[in-house]
Amino acid sequence: MPATPQETRDVRLSLRALMRLTSTVFSTGERRLLYDMATGKPDSEPLRDSHGLHRTLQCLLTARLFAEMIEPDHNILVTLLLFPRVHTGSLKLDDVRDAWGDDVAELSQGMLTVSRYSGMATAVDPDNFRGLLLSLARDIRVIIMMIASQLVLMRSINRHPDEAWVRTVAFEANCLYAQLAHRLGLYKIKGELEDLSLKYTNREIYTSIARQLEATKRERDAYIAAFIAPVRKKLEEAGLNFTIKGRTKSISSIWAKIKKQKVDMAHIYDLFAIRVIIDTPREKEKSDCWLAYSILADMYTANPARMKDWISLPKSNGYESLHATVMGPQSKWVEVQFRTVRMDLVAEKGLAAHWRYKGGHEASTDQWMNNIRDILENADSGPMQLMKSMKMDNYEREVFAFTPKGDLFRLPAGSTVLDFAFHIHSNVGSRCTGAIVNERHEKITYKIKSGDTVEIITSSTQTPKQDWLHMVASSRARNKIRQALNEAKARDAQLGKELLDRRLKNRKLELDEALLARYMKKSGYKYNTDFYAAIATEELDPYKVIAGCLELEAAETDVEQTRAGAQEFTLRQDHEEKDAKDEVLVIGDKSIKGLNYKMSRCCQPVYGDKVFGFISADGMVKVHREDCPNARNIRERYPYRLINVAWSGAAGAVMPVSVRVLGHDDIGIVTNITSIINKEPGVQLRNISIDSHDGLFRGYLVIGIPDRVSLPSLLRKISTVKGVKEVSRT
């Protein structure tokens, strides 16, 4: 089928755009040669591929997209323009090497290798297939070229007549290339791939969500404005300098939420998110974010379970933000993100890849890809130039191999046929005697390479051996071997126990289990299974075991000494937390009022103590004493969540204090202590727990006192009780 007029126009426009973008990349001679190579073709080479797509137009669109959205790199653009002819075989790799150099030839070889597996992602686990491609590519630039090529393909197949093929392409784009783009920080490409994938696989849903978003835009904007207004006022009163903006989820993200939560679009509470961006010096970033969060949590009911603190411990990819979910007007859940100008700049540039905190699993290869992403977006000398010296060495830590049925397995580098067998099933591994790898017989020690097809050979007489532990590289296989060996030992132990029981029955004897356990320990056996297995394998003679136990019983003399101690005395009294609404404290440098607070239980501060405040995850300010046992840890780990508090002067509330009493166990000591406490004005005994052992007395009391001044006098009076040697506040 010849080119249509529209295709001819698109080729011409794409060529002009590409030449404009590459005006400083290619020399005049190179531009002319590439023009001829891209537009010309041998008579034997078809104009279209097997799916009817115009070859020249596809390669020009891919090169143009790469130059516009990523970087106009010389060698990559050459590779993309030449690849259709390399792929069909009309242009040999040796000719590419002679004309354009080793780097272009290597990139072309990588594209050939990876494209060979294109279309297989639908049949295997996407994560494993992603790893296979990365392992085979050897050069991250090859993967980036494949991502760009896939986006061009997705743009080109709208309303394509082969609907089954379109669904296959859409699945691969969503599960493979979109995820790779996300991990590399190519967020625009990733979002477009996911949206197009949804469009082709479920056009009705895609269109419906798009229309609903457009129809509810005005209502959504009005709700955000109503929510923001009081928050803005409170933050301004606190003296913060900030801006607020909102965002709406992509169509594919909204559909994922609808399926996961099993609700309609109207019930997705995080359809949009509000972002508070605070302009503050670096040293005050964390404290100001937490102050803003505390103010929000006091205005709206917060959901602590959905609070995400990536300020205390930033993501390994650099992402920093404090996420809160609160119940807004009309009983709608609203997600609010707090970050500073610097944090927002980092996130917007793509240094924070959101795939991990959306539930992905951390892996060393993913961390390496994050570093690649940083180079992509921040390299001053051109990211693709730096990529030339970076090979996929990190992916040499893993290998990927197929079963004859096409299942794909991920294993650690150095894995053998035995590893592969145990990854299929424990029984297959236990009976493995070798394998047929790529139609060749191999031993169980053969080390697998990426792309191998492995068929395991088994035998019913084969059993795991101890030396197998040294033949495997994966922890899974090693654990399965140990499990099989332990099961065999357990069977031997059962036989050994039965053998010992029969010998005892023959002699009409019974051995106490405790005595037998002491004999095992004396004989050097730590576990029962080892002891009984030794009997089964004839390492131990059961008659000698019986004789040894009888000798041990005769030699032992058990002496029990019982010493009387004072009776334990425990008195419990219920008490409640102080009402956090009483204005006993002044919170914050600017006397911020209305924030909820309560006294911490770890140090139980009372009126007059030197105290500080700590903003907890639910927005509550917890008050600690300066000398609290946890104060040092709190100050070191969360200095930005601290807030100044001071006593307002409104004393009178009874607050709990823990007191420890040590001494000798004298008669009436408990009665004397409680009598002193009950006579003290304004003091209440809330809890007392006393224990004495070997004549020593130890007691813990919880006493309610109105202020710090009355505590020293009470402690002095308790210290005068007969038998009390030490009394102190805990």
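The residue numbers shown here count from 1 along each chain, following its written sequence. Since the coordinates come from a predicted model, pLDDT governs what is reported: local features require at least 70, and pairs of side-chain atoms require 80 or more to be given and counted, while whole-chain, interface and lining totals use all residues. Excluded from the side-chain calculation are hydrogens and water; included are all heavy atoms of the structure.

Considering the layout of surface pockets
Threshold: For cavity detection a 1 Å grid was placed over the protein atoms alone, and a set of points counts as a cavity when a 1.4 Å probe fits there but cannot get out; an open set counts as a pocket when protein lies on both sides within 12 Å along at least five of seven lines, with lining residues being those that have an atom within 4 Å of a point. Grid points are joined across faces, edges and corners, and a volume is the space filled by probe spheres set on the points. In DSSP terms, a helix is any run of H or I states spanning at least four residues, a strand is any run of E spanning at least two, and both are numbered starting from the N terminus. Any residue outside Ala, Val, Leu, Ile, Met, Phe, Trp, Tyr, Cys, Pro, Asp, Glu, Lys and Arg is labelled polar, Gly included; the first ten of those are nonpolar and the last four are charged.
Counted as a void, the second largest pocket has a volume near 830 Å³. In terms of lining residues, the second largest pocket is bounded by 27 residues, among which Asp49, Phe83, His87, Ser149 and Leu153 are the most central. The set of elements that each furnish at least two residues to the lining of the second largest pocket consists of α3 (55-69), α4 (74-88), α6 (102-115), α8 (140-156) and α9 (163-183). Residue composition of the lining of the second largest pocket, by class: twelve nonpolar, twelve polar and three charged.

Let's talk about the pattern of salt bridges
Rules: A pairing counts as a salt bridge when a side-chain nitrogen of Lys or Arg comes within 4 Å of a carboxyl oxygen of Asp or Glu.
All chains considered together, the criterion is met by 20 salt bridges. Its salt-bridge partner being arginine 641, residue aspartate 309 comes within 3.7 Å of it at the nearest N-O pair. With aspartate 309 in strand β4 (residues 308-309) and arginine 641 in the loop between α24 (631-637) and β17 (642-643), this pair connects stretches of sequence that are 332 residues apart. Look at the salt bridges and you will find they share partners, linking Arg282, Glu285, Glu320 and Arg342 into a network.

Some points on the sheet that holds strand β11 (residues 454-458)
Hydrogen bonding along the main chain pairs the strands of a sheet, whether they run parallel or antiparallel. Condition: Any two strands with at least two DSSP bridges between them are considered paired. Working convention: axes come from line fits to C-alpha atoms, limited for helices to the stretch in contact. Angles between N-to-C directions cover 0 to 180 degrees. The contact definition used throughout considers only heavy atoms, calling two residues in contact when any of these lie within 4.5 Å.
In space, the three strands of this open sheet follow the order β10-β9-β11, with antiparallel pairing throughout. Every other strand in the sheet has two partners, leaving β10 (440-442) and β11 as the edge strands with one partner each. Here the strands of the sheet are splayed against their neighbours by 30° on average, with no regard to which way each runs. By the bridge criterion, five bridges tie strand β9 (residues 432-437) to β11 in an arrangement that is antiparallel. When the sheet's bridge partners are listed, glycine 434 is paired in β11 with isoleucine 457. Against the sheet, helix α18 (residues 417-424) engages β9 and β11, with an angle of about 100° to β9.

Quick word on the packing of aromatic side chains
Going by this rule: Centres within 6.5 Å make a pair out of two Phe, Tyr or Trp rings, where for Trp the six-membered ring is used; the pair is then stacked when the planes are under 30 degrees apart, edge-to-face when over 60, and tilted otherwise. Buried means the residue's accessible area, taken with a 1.4 Å probe over protein chains only, is under 20% of the maximum for its type, while exposed means over 50%, and partly exposed covers the values in between. Put simply, a charge is over a ring when the Lys NZ or the Arg CZ is close to the ring centre, within 6 Å, and near the line of the ring normal, within 35 degrees.
One pass over the structure, following the stated rule, counts ten aromatic pairs. Consider the rings of phenylalanine 409 and phenylalanine 420, whose centres lie 5.5 Å apart with planes at 70°: the pair is edge-to-face. Here phenylalanine 409, found in strand β8 (residues 408-412), pairs with phenylalanine 420, found in helix α18; they are eleven residues apart in sequence, far enough to count as distant. Residues phenylalanine 409 and phenylalanine 420 agree in their burial class; the two are buried. Chaining the aromatic ring pairs together yields one cluster made of Tyr519, Tyr525, Phe531 and Tyr532. Arginine 635 extends its terminal NZ or CZ atom over the ring of phenylalanine 612, reaching a point 4.4 Å from the ring centre. The ring of tyrosine 638 carries arginine 641 above its face, with NZ or CZ at 5.0 Å from the centroid.

Describing the environment of methionine 343
With respect to the secondary-structure elements, methionine 343 resides in helix α15 (residues 341-348). For methionine 343, a relative accessible area of 2% corresponds to the buried category. Expressed as a C-alpha distance, the spacing of methionine 343 and isoleucine 278, which sit 65 residues apart in the sequence, is 9.4 Å. In this structure, methionine 343 is in contact with Glu285, Ile311 and Glu320, ignoring residues within four places of it in sequence.

Here we look at the packing of helix α10 (residues 187-201) against helix α11 (residues 203-215)
Selection rule: Working rule for angles: under 35 degrees goes down as roughly parallel, over 145 as roughly antiparallel, 65 to 115 as roughly perpendicular, anything else as oblique.
Look at α10 against α11: their axes get within 5 Å of each other, and the N-to-C directions meet at 120°. With respect to α11, the element α10 is oriented oblique. Together, Asp195, Leu198, Lys199, Tyr200 and Thr201 of α10 and Arg203, Ile205 and Tyr206 of α11 make up the contact between the two elements. Classifying every residue of the contact of α10 with α11 gives four nonpolar, one polar and three charged.

Some thoughts on α4
Put simply, the test is: Here the expected length of a helix is defined as 1.5 Å per residue gap, with one fewer gap than residues. Two axes enter the bend calculation: one fitted to the seven residues ending at the residue in question, the other to the seven starting there, and the bend is the angle between them. Polar contacts here mean pairs of N or O atoms no more than 3.5 Å apart (in protein, one a potential hydrogen donor and the other a potential acceptor; neighbouring residues in sequence count only if both atoms are side-chain atoms).
Across its 15 residues, α4 extends 23 Å between first and last C-alpha, which sits within 8% of the 21 Å expected from 1.5 Å per residue. At leucine 82, α4 is bent by approximately 50°, the largest bend along its length, and proline proline 84 sits one to four residues beyond. Counting buried positions along α4 yields 13 of 15 residues, so the element is predominantly enclosed. A distance of 3.3 Å separates the backbone nitrogen of asparagine 75 from a side-chain oxygen at the start of α4, and that oxygen is part of aspartate 73. Immediately downstream of α4, the backbone of glycine 89 shows phi near 90°, a positive value.

Read these as spatial facts, not as claims about activity.
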